[in-house]
Amino acid sequence: MSRSDRIERRLAAKRSYQTVPFLRRSRTLESILATTCVLTLIVLKIASQVGLLAGSDSVGTAMALICLLALLVAALSVLFICTLALTGPVYKKQLDFATGELETYGPIDKFAAIVLAALIIGALGYIACRFPDVFV
């Protein structure tokens, strides 16, 4: 195989990133995660400040529930990303030069997804058992 054929094959593989399903692209998952984290931090900051400034217990309780909801949404988005990583290939934009195809999440990425999912499920289970009245 000539050098120009290899280059053309690699360019074709690089272009194939756009044909990968939207939720199987690493950039999409990274964007979802980053957006969720930033929005959660913004909501937590605003709600905690409003809860501290308000003199009413009902406003403070409402702000605590908003904070809990924001954390729950962040946890669910991480679980969603972990599920996608564990149920099929997630393609990176980089090429694997050994095969000439797009790189995918490897065993270490999948192990990290398992650990994150286990931690989140454990934390949610602990909160649900420790504070059952929060979820009622």
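Check the entry above for the structure.
What you see is a predicted model; the values in this text were computed from it and never measured. (Residues numbered from 1 in each chain as written. Predicted model: local features only at pLDDT ≥ 70, side-chain atom pairs only at ≥ 80, totals over all residues. Heavy atoms only, no water.)

A. Seen up close, the side chain of Thr28. Inspection of the secondary structure assignment puts Thr28 in helix α2 (residues 26–53). Setting aside its immediate chain neighbours within four residues, Thr28 contacts Phe22 and Leu23. (Helix = DSSP H or I, 4+ residues; strand = E, 2+ residues; numbered from the N terminus. Contact = heavy atoms within 4.5 Å.)

B. Here's a closer look at the pairing of strand β1 (residues 91–96). The pairing of β1 with strand β2 (residues 101–104) spans three bridges and is classified as antiparallel. Looking at β2, one finds that Leu95 is bridged to Leu102. Where β1 folds back onto β2 in an antiparallel hairpin, the turn is made up of four residues, including Gly100, whose phi is positive at roughly 80 degrees. (Pairing = 2+ DSSP bridges.)

C. Structural detail: helix α4 (residues 107–130). Look at α4: 34 Å from first C-alpha to last across 24 residues, which is about the 34 Å you get at 1.5 Å a residue. Those residues of α4 not exposed but buried are Ala113, Ala117 and Ile120. (Expected span 1.5 Å × (residues − 1). Buried < 20%, exposed > 50% of the residue type's maximum accessible area, 1.4 Å probe, protein only.)

D. Region of the structure containing the pattern of salt bridges. For the structure on display, the rule yields one salt bridge. The partner of Lys92 in a salt bridge is Asp109, and the shortest N-O contact between them spans 3.9 Å. Taken together, the residues span a long stretch of sequence, with Lys92 in strand β1 and Asp109 in helix α4 at a distance of 17 residues. (Salt bridge = Lys/Arg side-chain N within 4 Å of Asp/Glu carboxyl O.)

E. Fine view of the environment of Cys67. Topologically, Cys67 is positioned in helix α3 (residues 57–87). A C-alpha to C-alpha distance of 50 Å links Cys67 and Arg9, two positions 58 residues apart in sequence. Those residues in contact with Cys67 that lie beyond four places of it in its chain are Leu44, Ala47 and Ser48.

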